[in-house]
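Survey of secondary and tertiary structure
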Amino acid sequence: TSIALMRAENRTVEAGDGSRVDEGADVADAVLWENVLIERGARVSRAVLGANVRIGSGEVFEDAAVVRDELVADSARPPKALAGERRGENFVVKLPR
């Protein structure tokens, strides 16, 4: 929903306080909560990145919701939740198209 609203306003990125996208990172159709870092050489598209998420150089996140792994590490997946995977310090849920 957030991405659709941004598109309606002709915006491609919404960044919260303290978030940074390094020069040379490719970011489009993305919502960045606070204190997100996307390093040079990373690619993020059609994604929502939760607070304090770090996307390292060379990493690719497309069609995904991403939070810090520590937020879900000891939690069972709710029955209606989409399955996800741990990728380094992040937990990634693939978003349907």
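Let me begin by describing the structure that accompanies this report. Quantities reported herein were computed from a predicted structural model and do not represent experimental measurements.

This next bit is on the packing of aromatic side chains. Summed over the entire model, instances satisfying the criterion amount to zero aromatic pairs. Here the guanidinium or amino end of Arg 87 rests over the ring plane of Phe 61, the centre of that ring lying 4.1 Å away.

Moving on: the sheet that holds strand β8 (residues 84–87). Here we have six strands laid out as an open sheet, ordered β1-β3-β5-β7-β9-β8, and mixed in their pairing. A strand with exactly one partner marks an edge of an open sheet, and here the two such strands are β1 (13–15) and β8. Ignoring strand direction, the axes of neighbouring strands in this sheet form an average angle of 35°. Alignment of strand β3 (residues 26–32) against strand β5 (residues 43–49), held across six bridges, turns out to be parallel. Each bridged residue has a counterpart across the sheet, and for Asp 26 the counterpart in β5 is Arg 43.

Our focus in this paragraph is unusual backbone geometry. With a phi angle near 55°, Asn 10 is a residue other than glycine that sits in the positive phi range. As for its position among the elements, Asn 10 is in the loop between α1 (2–8) and β1. Looking at Asn 10, the relative accessible area reads 74%, which means it is exposed. With phi around 50°, Asp 63 is a residue other than glycine that occupies positive phi space. Tracing the chain through its elements places Asp 63 in strand β7 (residues 60–68).

Put simply, side chains in a regular strand alternate between the two faces of the sheet. Direction of pairing for β8 relative to strand β9 (residues 90–94): antiparallel, over a ladder of four bridges. Bridged to Glu 85 within β9 is Val 92. Linking β8 back to β9 in an antiparallel pair, the connection comprises two residues, with Gly 88 at a positive phi of about 65°.

Counted according to the given criterion, the structure contains ten salt bridges. One salt bridge in this structure joins Glu 14 and Arg 11, with 2.1 Å as the shortest N-O distance. Given the relative accessible area of 35%, Glu 14 is considered partly exposed. What you see here is one network of salt bridges that share partners, running through Glu 9, Arg 11 and Glu 14.

Moving on, we come to the sheet that holds strand β4 (residues 37–38). Strand order across the open sheet formed by three strands is β2-β4-β6, with parallel pairing between neighbours. Edge positions in the open sheet fall to β2 (20–21) and β6 (54–55), since each of these has one partner strand only. In terms of strand pairing, β4 meets β6 through two bridges, oriented parallel. Each bridged residue has a counterpart across the sheet, and for Leu 37 the counterpart in β6 is Arg 54.

Rules used in this analysis
Residues numbered from 1 in each chain as written. Predicted model: local features only at pLDDT ≥ 70, side-chain atom pairs only at ≥ 80, totals over all residues. Heavy atoms only, no water. Phe/Tyr/Trp six-rings, centres within 6.5 Å; stacked < 30°, edge-to-face > 60°. Lys NZ or Arg CZ within 6 Å of the ring centre and 35° of its normal. Pairing = 2+ DSSP bridges. Helix = DSSP H or I, 4+ residues; strand = E, 2+ residues; numbered from the N terminus. Axes fitted to C-alpha atoms, helices over the stretch in contact; angles between N-to-C directions. Buried < 20%, exposed > 50% of the residue type's maximum accessible area, 1.4 Å probe, protein only. Salt bridge = Lys/Arg side-chain N within 4 Å of Asp/Glu carboxyl O.

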